[in-house]
Amino acid sequence: MTRRMYAGSLLAAGLLVGALTGPALAQAEDRLVVLCTPQEDWCVRMVEEFGSQTGIDTNYVRMSSGEALARLQAGAADPEFDVWWGGPADGQIAAGIAGLVEPYISPNAEAIGPEQKAEDGTWTGVYVGALGFCSNQAILDELGLEAPDSWDDLLDPALVGNVAVAHPASSGTAYTTFFTQVMRLGGEDEAMDYMRQLHENILQYTKSGSAPGAMAGRGEVAVAIIFSHDCVKNIEEGFEDLVVSFPNEGTGYEIGAQALVAGAKNPNNAKAWIDWALQADTQEIGPTVGSFQLPTNPEAAVSGSSVDLSQVNLIDYDFEAAGEARDRLTQRFEDEVATEPLE
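Attention here is on the structure that accompanies the text. (Residues numbered from 1 in each chain as written. Predicted model: local features only at pLDDT ≥ 70, side-chain atom pairs only at ≥ 80, totals over all residues. Heavy atoms only, no water.)

1. Describing the overall build of the chain
In terms of regular secondary structure, the chain is built from twelve helices and eleven strands. For the chain, the C-alpha radius of gyration of 20 Å lies close to 20 Å, the compact-globule estimate for 343 residues. Taken along the three principal axes of its C-alpha coordinates, the chain extends 65 × 40 × 35 Å. Residues classed as buried in the chain amount to 59% of the 343 residues present. Looking at the chain alone, contacts between residues at least 24 apart form 76% of all its contacts between residues at least 6 apart. When the accessible surface of the chain is split by element, carbon and sulfur atoms take 48% of a total near 13,600 Å². For the chain, the separation between the mean place of its 17 positive charges and that of its 52 negative charges on side chains is 8 Å. (Helix = DSSP H or I, 4+ residues; strand = E, 2+ residues; numbered from the N terminus. Rg over C-alpha atoms; globule rule 2.2 N^0.38 Å. Buried < 20%, exposed > 50% of the residue type's maximum accessible area, 1.4 Å probe, protein only. Contact = heavy atoms within 4.5 Å. Areas by Shrake-Rupley, 256 points an atom, 1.4 Å probe, with all protein chains shown as cover. Lys, Arg positive; Asp, Glu negative; His and termini not counted. Charge placed at Lys NZ, Arg CZ, Asp CG, Glu CD.)

2. Some points on the packing of helix 6 (residues 172-185) against helix 7 (residues 188-199)
For the pair helix 6 and helix 7, the least separation of the axes is 8 Å and the interaxial angle reads 125 degrees. Our classification of the angle between helix 6 and helix 7 gives oblique. Crossing of helix 6 against helix 7: the hand is right-handed. Taking contact as the criterion, the partners of Phe178, Gln181, Val182, Arg184 and Leu185 in helix 6 are, on helix 7, Glu188, Glu190, Ala191, Met192, Tyr194 and Met195. In the contact of helix 6 with helix 7, the residues fall into seven nonpolar, one polar and three charged. (Axes fitted to C-alpha atoms, helices over the stretch in contact; angles between N-to-C directions. Parallel < 35°, antiparallel > 145°, perpendicular 65-115°, else oblique. Left-handed = near helix turned anticlockwise from the far one by under 90°. Nonpolar A, V, L, I, M, F, W, Y, C, P; charged D, E, K, R; others polar.)

3. Considerations on the state of the cysteines
Per the stated rule, a full pass over the model turns up two disulfides. A sulfur-sulfur distance of 2.1 Å marks the disulfide that ties Cys36 to Cys43. Between Cys36 and Cys43, the S-S dihedral sits near -95 degrees, and the bridge is therefore left-handed. With a relative accessible area of 2%, Cys36 lands in the buried category. You can call Cys43 buried: its relative accessible area is 0%. For Cys134, the disulfide goes to Cys231, at an S-S distance of 2.1 Å. An S-S torsion of about 70 degrees defines the bridge between Cys134 and Cys231 as right-handed. Linking Cys134 in strand 5 (residues 124-136) with Cys231 in helix 9 (residues 228-236), this pair joins segments that are 97 residues apart in sequence. A relative accessible area of 1% means that Cys231 is categorised as buried. Taken in N- to C-terminal order, the disulfide-linked cysteines of the chain are connected 1-2, 3-4. (Disulfide = S-S within 2.5 Å.)

4. Brief notes about the environment of Ala74
Relative to the elements of secondary structure, Ala74 occurs in helix 3 (residues 65-74). Ala74 gets classed as exposed once you look at its relative accessible area, which sits at 72%. Sequence separation between Ala74 and Thr177 is 103 residues, and the spatial gap between their C-alpha atoms is 26 Å.

5. Some points on the packing of aromatic side chains
As enumerated under the stated definition, the model contains 16 aromatic pairs in all. Plain terms: the ring middles of Phe178 and Phe333 are 5.7 Å apart, the flat faces sit at 55 degrees to each other, and that makes the pair tilted. Of this pair, Phe178 sits in helix 6 while Phe333 sits in helix 12 (residues 319-336), and the two are 155 residues apart along the sequence. The pair Phe178 / Phe333 is uniform in exposure class, with both members buried. Each member of the aromatic cluster is reached from another via a ring pair, and the members are Trp42, Phe50, Trp85, Tyr127, Trp273 and Trp276. The ring of Tyr194 has Arg184 sitting right over it, with the charged end atom 5.1 Å from the ring centre. (Phe/Tyr/Trp six-rings, centres within 6.5 Å; stacked < 30°, edge-to-face > 60°. Lys NZ or Arg CZ within 6 Å of the ring centre and 35° of its normal.)

6. Some points on a negative patch on the surface
Taken together, the side chains of Asp141, Glu142, Glu146, Asp149, Asp152, Asp153, Glu240 and Asp241 make up a negatively charged region of the molecular surface. Among the residues examined, Glu142 registers a relative accessible area of 66% and is labelled exposed. (Patch = residues over 30% accessible without salt bridge, like charges linked within 9 Å, V, L, I, M, F, W, Y side chains within 5 Å. Salt bridge = Lys/Arg side-chain N within 4 Å of Asp/Glu carboxyl O.)

7. Re helix 9
Burial analysis of helix 9 places seven of its nine residues in the buried class, the great majority of the element. Every buried residue of helix 9 is listed here: Ser228, His229, Asp230, Cys231, Val232, Lys233 and Asn234. Check the buried side of helix 9 and you find it contacts helix 2 (40-54), strand 5, helix 8 (211-217), strand 8 (223-227), strand 9 (242-245) and strand 10 (253-261). Positioned one or two residues after helix 9, Gly238 has a phi angle of 120 degrees, which is positive.

Quick look at the structure:
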């Protein structure tokens, strides 16, 4: 019996040592295809570890949150993915509204706080990250500016062509940026007005939410708007001029979520992945590849490189409202501010 066949037989019996048990593993299918939204190296490591521990033939496709939602919509009649892992929860919420994901309450979800999961199991949080500013201190020095600590600082005329952010239609990071303005300013029209003003200083809208951080690291822009953990990753990978700061009037945050794809061809393996991804030891994989999001499982160790949320002024971000408004607001952004980037 091959290692994969042996592991698969244990998996089907719920006896895989150190891994998963329960009804999700009543029957193991041949493979698993993961729609993965975090950075590529974390996707790779997660898939490798799951495949190694379970013997399941596991593959992934990496896409930003908006791209992932569009891909699920396009393939709804014949799903190519089994589970969607990662990216801000408003993406999975929007997918749930569209019938693209379906409820699954993992037995391991008991460890996750009620504010970090949907009561009906449509989505469950696996990590948390705070939105912030990732600035190149050398470029700021040339411009005679301090690192921004307010959303209004990004509107400074001195930063014309020196700010980068992803496009909210393709990126969950950018959509969090957009909906943060809705929450803090009190309405969609007010948020649109802010985004139009910010547009005057934007050098480029990228597809990927983390890409602006590398742009700042290379000195292409002074400031990137990204999740703070992505900036820390860039710093640890050698972009030593980068500094992290947060808007003092409040910032949004993400609950990186996962969901079972509706009509998945391998639903038992997808449920096994969801169970596994909620385990404390699984949530400790991220920092090994420089992904410093905070785990949702309270038993998971927290990296010293992760942000201390007690030091950040977080707004009361409404994930359900963000998910419900996603299609409408991203269309407004394309119509009134900037078309979606082609590359």
